[in-house]
Protein chains: 2
Amino acid sequence: MDFASLFRHETDTVNFAAGETIVRHGEVLDVMYVLIEGEAEIKVGEQPLCEIGPGALVGELALIDRTPGNADVVAKSACRLVSINEHRFRFLIQQTPNFALEVMRVIAERLRAMNRRVAG
Amino acid sequence: MDFASLFRHETDTVNFAAGETIVRHGEVLDVMYVLIEGEAEIKVGEQPLCEIGPGALVGELALIDRTPGNADVVAKSACRLVSINEHRFRFLIQQTPNFALEVMRVIAERLRAMNRRVAG
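Since this is a predicted model, take the numbers as computed values, not measurements. (Residues numbered from 1 in each chain as written. Chains lettered and ligands numbered in written order. Predicted model: local features only at pLDDT ≥ 70, side-chain atom pairs only at ≥ 80, totals over all residues. Heavy atoms only, no water.)

Further remarks concern the side chain of A:Asp65. Following the sequence through the fold, A:Asp65 ends up in helix α2 (residues 60-65). For A:Asp65, the side chain forms a polar contact with the side chain of A:Thr67, separated by 2.9 Å. Within the structure, A:Asp65 has its side chain in polar contact with the side chain of B:Arg112 (distance 2.9 Å). The contacts of A:Asp65, once residues within four sequence positions are left out, are B:Arg105, B:Ala108 and B:Arg112. (Helix = DSSP H or I, 4+ residues; strand = E, 2+ residues; numbered from the N terminus. Polar contact = N/O pair within 3.5 Å; in protein donor to acceptor, adjacent residues only side chain to side chain. Contact = heavy atoms within 4.5 Å.)

So, in structure tokens, the structure goes:
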């Protein structure tokens, strides 16, 4: 499943210019975002973690466990995102088990990347 | 949802003695485990990451993205676990959306712990 394709027909999107912060650490969001156009950078403290592009999820952790995120997400180019609130998130999980599995894959991949970093 | 309660009636369980390795990094498992009795330690390389107890998931990343795990899980006491293959895992996600959300919460929490460690 490709999130960018899944949400490509959305017209209700939010836009950020290059350099703008999409999500700030410590902020409690009640939505997650799917990046459908543009590139952004995830940073923990001053450390750049990785770059993300179309199809990437932003803020999904906060929606899953209702605690504030500990990373900043900053637009590197003009970004267009779809926002998904908790109601819709639950609906997608119930109606589309592959959506649930794909969200798990995304978080799993981030966890593996952090594990590799700690293991050196 | 408490995984230890959800699987408490399982009779088909696997057992490990204290000191035994339940999952070895690099190993490709075709099941994940739910720890229903005992305590175990997760290690990345020689670094102990955390201890887990009843209700914890083991090896869920490998089942989600089909790549080998990069952590060792070692029994600290006698451990009893339920093994869940991919077919059952998908069935649980489809039939029990809260199971999917709880799996996401578990991975999210591990990711947050790693992010905190890297952020220092």
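In this model, the largest pocket occupies a volume close to 570 Å³. Residue lining of the largest pocket: 32 residues in total, with A:Leu111, B:Ile42, B:Cys50, B:Glu60 and B:Arg110 positioned closest to the centre. Secondary-structure elements contributing two or more residues to the lining of the largest pocket are α4 (97-119) of chain A together with β4 (40-44), β5 (47-52), β6 (57-58), α2 (60-65) and α4 (97-119) of chain B. No other element matches the 8 residues that α4(B) contributes to the lining of the largest pocket. Its residues assigned to classes, the lining of the largest pocket comprises 18 nonpolar, 5 polar and 9 charged. One number sums up the size of the second largest pocket: a volume of about 380 Å³. Around the second largest pocket, the lining is made up of 25 residues, and of these A:Ile42, A:Leu49, A:Ala71, A:Arg110 and B:Asn115 lie nearest the centre. Within the residue set of the lining of the second largest pocket, elements represented by two or more residues are β5 (47-52), β6 (57-58), α2 and α4 of chain A together with α4 of chain B. (1 Å grid on protein atoms, 1.4 Å probe; cavity = no way out; pocket = protein on both sides within 12 Å on 5 of 7 lines; lining within 4 Å. Points joined across faces, edges and corners; volume = space filled by probe spheres on them. Nonpolar A, V, L, I, M, F, W, Y, C, P; charged D, E, K, R; others polar.)

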